[in-house]
Amino acid sequence: MHTSFQLHTVYDYLTNSKYSFISSFDDPRGTGRGRYNRRMWPTVTLSDWRKGSQWFEVHRNLALKIVSDVTYFPIFRDLCQPPCYNDEHYLATLVTKVGPGVNSNRSITWADWSIGGPHPATYERRDVNEMFLNQLRHGFNCTYNGGISNICHLFARKFHPSALEPLLKIAPALFKFNTDNTTTRFYIHRYSGFLDKNFEMKGGSGQNLSTVKFVPKFINVQIHHLVNVLSYFLLFGVGITLGMFLTVYLKDFSFSLQFAQFSFTTSSSNQNMIMPSVTAAQTNLSHPQHIGLEKFLKPPMISHDMDDDELLWRASLAPRISEYPFHRVPKVAFLFLTKGPVYLAPLWETFFKGHRGLYSIYVHSNPSYNGSHPESPVFQGRRIPSQEVEWGNVNMIEAERRLLANALLDISNERFVLLSESCIPLHNFNTIYHHLVNSNKSFIEVYDDPSSVGRGRYNSHMYPRITLSQWRKGSQWFEMNRDLAIEVVADKKYFPLFKKYCRGSCYADEHYLPTFVQMKFAAKNSNKTLTWYDFSKGGPHPATFTRTDVTVDMLNSLRNGTKCLDYLMTGNTCHHLFARKFTPGTLERLMRFAPKLMQFNR
């Protein structure tokens, strides 16, 4: 296979295209529909069945759909056997199912089938001339981004190794390979085994690799190229010498690389080891360290240096294949939004005891808090990089999204609970854990409040993206599953509206999540909170409980169900897993009653 144009032409053609290039057509003959297996029905029907070239180019979104396909590929793998050829039918059929509007239905790789048979024609040395190559480059018309173009094929096949010599003589000048130094740079990268990560062709399996492979074949081998190559090797030798010299003096060097959703950790148990010697480095190159999924998915340290944009972007990355290729124990992430210390930490310490590996803890405290309060062991080192939070301000939602994003970096976290320093558990860990991980719903309180503190807070500037009829209210204390948490941190459509227009007497923490969830994910939400609080006394804040309020009867009443806390006051009984607001003075009585009452030791 070879290219018919210089790299810039190919690059611009692909990156500016609105469509992918997968050949897909309906062939009614025996070599088309005749290969359909009726056992594929009803997932793949005869009317779905398509044929096409295996040589494709796809954009990133379609590539993700292909590699995450667990619906159609197993059917082709099991039921498309010779004389049914998967490479001619799978992609051509799949694209009609999952992305018909984003495909051009043609290939950009030319092949000659005019001779008939199961393989296209092969071109040897005698076939290659300038007229032939120009015919491939401009001898056809096709559609491109809705218009007509005489550039239809960017690549061509099949060329015999004997065709290399005339191609090297004709192609560089004809295709203008030498218009800049891109070719030389690519030549060095190709033969040093290095692919520049910034170079991102939209090719699918084998396509961008073949693009890299064919460019060096058509370099015009001139003296100045040889000089460039020798210069690189000279610089490389100087670099090695300098590196060996510095190795003698440099110690305590550690290297870490963080990429996209994942972290790669290459340090050993001794994090401060001296830089390895040249001999050791050569050994490591000969036997590269195995990077398995365990290290590939390891979350970064809590005290990372990502800003919010970087954090939210990374946290929003999600696998498209729902089944994990490893044993995954789902964890519950406990997200503490606090002003300072978690002053009821000893109670939580007792609650968590004996359940390591089933939970994660994240604390977002005021940046001004200096950690002067002694930390319970289970909370040590669990404070995330935080920012200022004010009551009633939209930065309360930013803090919640920050907590969610940090927790999402751990692939094992499946359920996410927002709590404050005044919250307590009402049941033992096993009860809460199984209640959450076995639920197919999230728990976000949502209701329509027609009063001035409900619909009265709606800002008409949010229209038409958010209408008055969509406006909802609810408690900020949520519990949600991983899928919804990803949607919350990835929201770039609705949160900016709340950030801009929900101010003053509009409290974003009472309206953003209820409105967002009701609009987009109502069917997956229970419309209730799992955190009990008492607003019966009126005012902007729930009742606060002090030492004398804490009794066995009081705790039992919270554990055994109360009326649902919604505006409609339906009278339904709600069972809560947590409760608030408890002052630091309640700790002594809580430690006396709760462990036995709630059976923390189970």
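Residues numbered from 1 in each chain as written. Predicted model: local features only at pLDDT ≥ 70, side-chain atom pairs only at ≥ 80, totals over all residues. Heavy atoms only, no water.

Caption draft 1: How the structure looks around the overall build of the chain. Helix and strand content of the chain: 20 helices and 16 strands. When each of the 602 residues of the chain is scored for burial, the buried share is 45%. The long-range fraction of contacts in the chain, counting pairs at least 24 apart against all pairs at least 6 apart in sequence, stands at 80%. Total accessible area computed for the chain in this model is approximately 32,200 Å², and 55% of it derives from carbon and sulfur atoms. (Helix = DSSP H or I, 4+ residues; strand = E, 2+ residues; numbered from the N terminus. Buried < 20%, exposed > 50% of the residue type's maximum accessible area, 1.4 Å probe, protein only. Contact = heavy atoms within 4.5 Å. Areas by Shrake-Rupley, 256 points an atom, 1.4 Å probe, with all protein chains shown as cover.)

Caption draft 2: Highlighting the sheet that holds strand β9 (residues 359–364). An order of β9-β8-β10-β12 is seen for the 4 strands of this open sheet, with the pairing classed as mixed. The sheet terminates laterally at β9 and β12 (479–481), the two strands that pair on one side only. Averaged over all adjacent pairs, the angle separating strand axes in this sheet is 20 degrees, with direction ignored. Bridge analysis of strand β10 (residues 413–420) against β12 gives 3 bridges, and the strand direction is antiparallel. Opposite F416, over in β12, you have M480 as the bridge partner. Each of β8 (331–337), β9, β10 and β12 touches helix α15 (residues 429–437); the most contacted strand, β8, lies at about 105 degrees to it. (Pairing = 2+ DSSP bridges. Axes fitted to C-alpha atoms, helices over the stretch in contact; angles between N-to-C directions.)

Caption draft 3: Focus on the nonpolar core. L335, L404, F416, M480 and Y512 are the most contacted members of the largest nonpolar core, which has 48 residues in total. The greatest single-element share of this core, amounting to 8 residues, is contributed by helix α14 (residues 395–408). (Core = buried A, V, L, I, M, F, W, Y, C linked by side-chain atoms within 4.5 Å.)

Caption draft 4: View of the state of the cysteines. All chains considered together, the criterion is met by 3 disulfides. Residue pairing for C502: its cysteine sulfur links by disulfide to C506, the two sulfurs lying 2.0 Å apart. Its torsion about the S-S bond being -85 degrees, the disulfide of C502 and C506 is classed as left-handed. Both residues of the pair, C502 and C506, belong to the buried class. (Disulfide = S-S within 2.5 Å.)

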